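Reading the structure
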Amino acid sequence: MLLGTPTADSTELYAITMTEGDPSWAGALAGVALGLLVYHVTEDEVKEQADPAVYDDEIGIAEMVLEVDVLREAAKKVRDRVSV
Amino acid sequence: MELQGKKVIALGERDGIQGESIGKVAKSAGAEVVLEVTHCFV
C-alpha cells in the first residue's frame, strides 16, 4: 500500500490500520490485522523504482511542500513496529 | 521492497498527494494498481 498522506499523524494512523487494524476500534477494520506492507510514496524505496520524469510530474511539487522526512519516518516506524 | 509485478493500493489524500498521482508513480515502477482513491476530510 502506498500512502499520500500529508502529516505524520495521518500517515501513522493509516499505516497502523492497514497492518494491525483500526487503533480507534471505531471502524470496520477494528481488530482486523491485514498485515499489508505500507510505504509513503515519498520514501526512497519507492522513489528509486519510479520513472524519474513521472515522479517529478506527479509528486515533485508536493514533495517540496510536505515535510517528507517526518512522513517517511512515520511509515517506517509502523513497519518496524509490526515487523512486516 | 520490489514494486515490479506487485499489486498496489494507492491511498491518497486531498491535502497531501492524490491517489491518481500515486497510481501513476506505482505503474511507472512496474506495479499493478488495484485500487486508487483520494480521501478528503474537509
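In this report, the structure presented in the accompanying data block is examined. It should be emphasised that the depicted structure is a prediction, and the values quoted were computed from it without experimental measurement.

Scoring rules and cut-offs
Residues numbered from 1 in each chain as written. Chains lettered and ligands numbered in written order. Predicted model: local features only at pLDDT ≥ 70, side-chain atom pairs only at ≥ 80, totals over all residues. Helix = DSSP H or I, 4+ residues; strand = E, 2+ residues; numbered from the N terminus. Buried ≥ 20, exposed ≤ 12 C-beta atoms within 10 Å, placed from the backbone. Contact = placed C-beta atoms within 7 Å. Nonpolar A, V, L, I, M, F, W, Y, C, P; charged D, E, K, R; others polar. Pairing = 2+ DSSP bridges. Core = buried A, V, L, I, M, F, W, Y, C linked by C-beta atoms within 7 Å. Axes fitted to C-alpha atoms, helices over the stretch in contact; angles between N-to-C directions. Parallel < 35°, antiparallel > 145°, perpendicular 65-115°, else oblique. Left-handed = near helix turned anticlockwise from the far one by under 90°.

1. Points about the overall build of chain B
- From N to C terminus, chain B includes one helix and two strands.
- Helices (α) and strands (β) of chain B occur, in sequence order from the N terminus, as β-α-β.
- Expressed as lengths along the three principal axes of its C-alpha atoms, the size of chain B is roughly 35 × 15 × 15 Å.
- Relative to its 42 residues, chain B shows a buried fraction of 45%.
- Pairs at least 24 residues apart make up 52% of the contacts formed inside chain B by residues separated by at least 6 positions.

2. Comments concerning the interface of chain B and chain A
- Across the boundary between the two partners, chain B contributes 20 residues, which contact 22 residues of chain A.
- With seven residues, the top contributor of residues to the side of chain B that touches chain A is helix 1 (residues 19–28) of chain B.
- By residue class, the composition of the side of chain B that touches chain A is 11 nonpolar, six polar and three charged.
- Bridge count between strand 1 (residues 2–4) of chain A and strand 1 (residues 7–13) of chain B: three bridges; the pairing is parallel. The partner of Gly4(A) across the bridge, within strand 1 of chain B, is Gly12(B).

3. Here we look at the environment of Thr42(A)
Residues and elements named next belong to chain A.
- With respect to the helices and strands, the residue Thr 42 is situated in the loop between strand 2 (39–40) and helix 2 (44–47).
- Through-space distance from the C-alpha of Thr 42 to that of Thr 5 is 10.0 Å; in sequence the pair is 37 residues apart.
- In this view, Thr 42 contacts Lys 47, Ile 59, Glu 63, Val 68, Leu 71 and Arg 72; residues no more than four positions away in its chain are not counted.

4. A few points about helix 1 of chain B
- Buried residues dominate helix 1 of chain B, accounting for seven of its 10 residues.
- Considered for burial, the residues of helix 1 of chain B that qualify are Gly19(B), Ser21(B), Ile22(B), Gly23(B), Lys24(B), Val25(B) and Ala26(B).
- Tucked inside the fold, the buried residues of helix 1 of chain B contact strand 1, helix 2 and helix 3 (52–65) of chain A together with strand 1 and strand 2 (32–39) of chain B.
- After helix 1 of chain B finishes, the residue Gly30(B) shows a positive phi value of roughly 90°.

5. Some details on the environment of Val65(A)
- The topology assignment puts Val65(A) in helix 3.
- Separated by 59 residues in the primary sequence, Val65(A) and Pro6(A) have C-alpha atoms spaced 9.5 Å apart.

6. Considering the nonpolar core
- Ranked by internal contacts, the top residues of the largest apolar core, which has 29 residues, are Leu2(A), Leu3(A), Val25(B) and Ala26(B).
- When contributions to this core are tallied by element, the ones reaching two or more residues are strand 1, helix 1 (8–19), helix 3 and helix 4 (68–82) of chain A together with strand 1 and helix 1 of chain B.
- When near neighbours in sequence (up to four residues on either side) are disregarded, Leu3(A) contacts Thr11(A), Tyr14(A), Ala15(A), Val38(A), His40(A), Val41(A), Ala75(A) and Leu11(B).

7. Digging into the sheet that holds strand 2 of chain A
- Overall, parallel pairing links the four strands, which are arranged 2(A)-1(A)-1(B)-2(B) in an open sheet. The two strands at the open ends of the sheet, each matched to only one other strand, are strand 2 of chain A together with strand 2 of chain B.
- In the sheet, strand 1 of chain A pairs with strand 2 of chain A via two bridges, with the strands oriented parallel. The residue bridging Leu3(A) from the neighbouring strand is His40(A), located in strand 2 of chain A.

8. Focus: the packing of helix 1 of chain A against helix 4 of chain A
Residue and element names in this part refer to chain A.
- Where helix 1 meets helix 4, the axes come as close as 8 Å, and the angle between the chain directions of the two elements is 25°. Classified by the angle their axes make, helix 1 and helix 4 are roughly parallel. The handedness of the crossing between helix 1 and helix 4 comes out as right-handed. Taking contact as the criterion, the partners of Ala 8, Thr 11, Glu 12, Ala 15, Ile 16 and Thr 19 in helix 1 are, on helix 4, Val 70, Leu 71, Ala 74, Ala 75, Lys 77, Val 78 and Val 82.
- Looking at the contact of helix 1 with helix 4 residue by residue, the classes come out as nine nonpolar, two polar and two charged.

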